[in-house]
Amino acid sequence: NFSWPDWSMNGNQIILQYFKVEKDPTKVQRHLAIFELTTQNFTTLHSLDNLHPFQPHPSPTRDEFLFVSLVSLELGGTDIFRTNTDGTGVTRLTNNKRSWLADWSSDGDKIIYKFTTENRIQTMRIMNRDGTNDYQLIIAGEEYGRGPNW
């Protein structure tokens, strides 16, 4: 099950997520992978597997990408991480278990993302690429629509 494909900064790679369902359908393994267009090589970033990664989004200016991690089975249970394209240098950017659907600014210095409050109110927040200067932009209400895009 492949989904969430996106182009790398150089246009020679596609990063995507895929799911493997085990014999027990309640156990799903989430993986991120890089597909090299020139060589047709498919590389799974197994170094991220323990984070249950999904929703990858490459930086428009650097060899890195954002992804969402299933960190808890609580409400939402997801946080945003940043990593190098090869899966090294993982940095946790949020630590609230309710952040998801992240996107980069065109200069790659800011990140916009969706945040769900404990009352299930959707908000949009902005932070620097290193997770600092995080602030609320707008309150979107109780809808569960598509995430923000720059």
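Our subject in this report is the structure included herewith.

What counts as what
- Residues numbered from 1 in each chain as written.
- Predicted model: local features only at pLDDT ≥ 70, side-chain atom pairs only at ≥ 80, totals over all residues.
- Heavy atoms only, no water.
- Helix = DSSP H or I, 4+ residues; strand = E, 2+ residues; numbered from the N terminus.
- Buried < 20%, exposed > 50% of the residue type's maximum accessible area, 1.4 Å probe, protein only.
- Contact = heavy atoms within 4.5 Å.
- Polar contact = N/O pair within 3.5 Å; in protein donor to acceptor, adjacent residues only side chain to side chain.
- Pairing = 2+ DSSP bridges.
- Axes fitted to C-alpha atoms, helices over the stretch in contact; angles between N-to-C directions.

Looking at the secondary structure, you find Leu-16 in strand S2 (residues 13-21). You can call Leu-16 buried: its relative accessible area is 11%. When the C-alpha positions of Leu-16 and His-31 are compared, they lie 8.5 Å apart, and in sequence the two are 15 residues distant. Each residue touching Leu-16, except ones within four places of it in the same chain, is listed here: Phe-2, Ser-3, Trp-4, Pro-5, His-31, Leu-32, Ala-33, Phe-42 and Pro-56.

Turning our attention to the environment of Asp-134. Topologically, Asp-134 is positioned in the loop between strand S11 (122-128) and strand S12 (135-141). Judged by relative accessible area, Asp-134 falls into the partly exposed class, the value being 28%. Expressed as a C-alpha distance, the spacing of Asp-134 and Thr-94, which sit 40 residues apart in the sequence, is 9.1 Å. Of note is the side chain of Asp-134, whose polar atom sits 2.5 Å from the side chain of Tyr-113.

Hydrogen bonds between backbone groups are what pair the strands of a sheet, and the pairing can be parallel or antiparallel. Spatially, the four strands line up as an open sheet ordered S1-S2-S3-S4, and their pairing is antiparallel. Two strands lie at the open edges of the sheet, namely strand S1 (2-7) and strand S4 (42-44), each paired on one side alone. Adjacent strand axes in the sheet meet at a mean angle of 25°, parallel and antiparallel pairs treated alike. Sheet topology places S1 next to S2; four bridges connect them, and they run antiparallel. In the strand pairing of S2, Ser-3 is matched with Gln-17.

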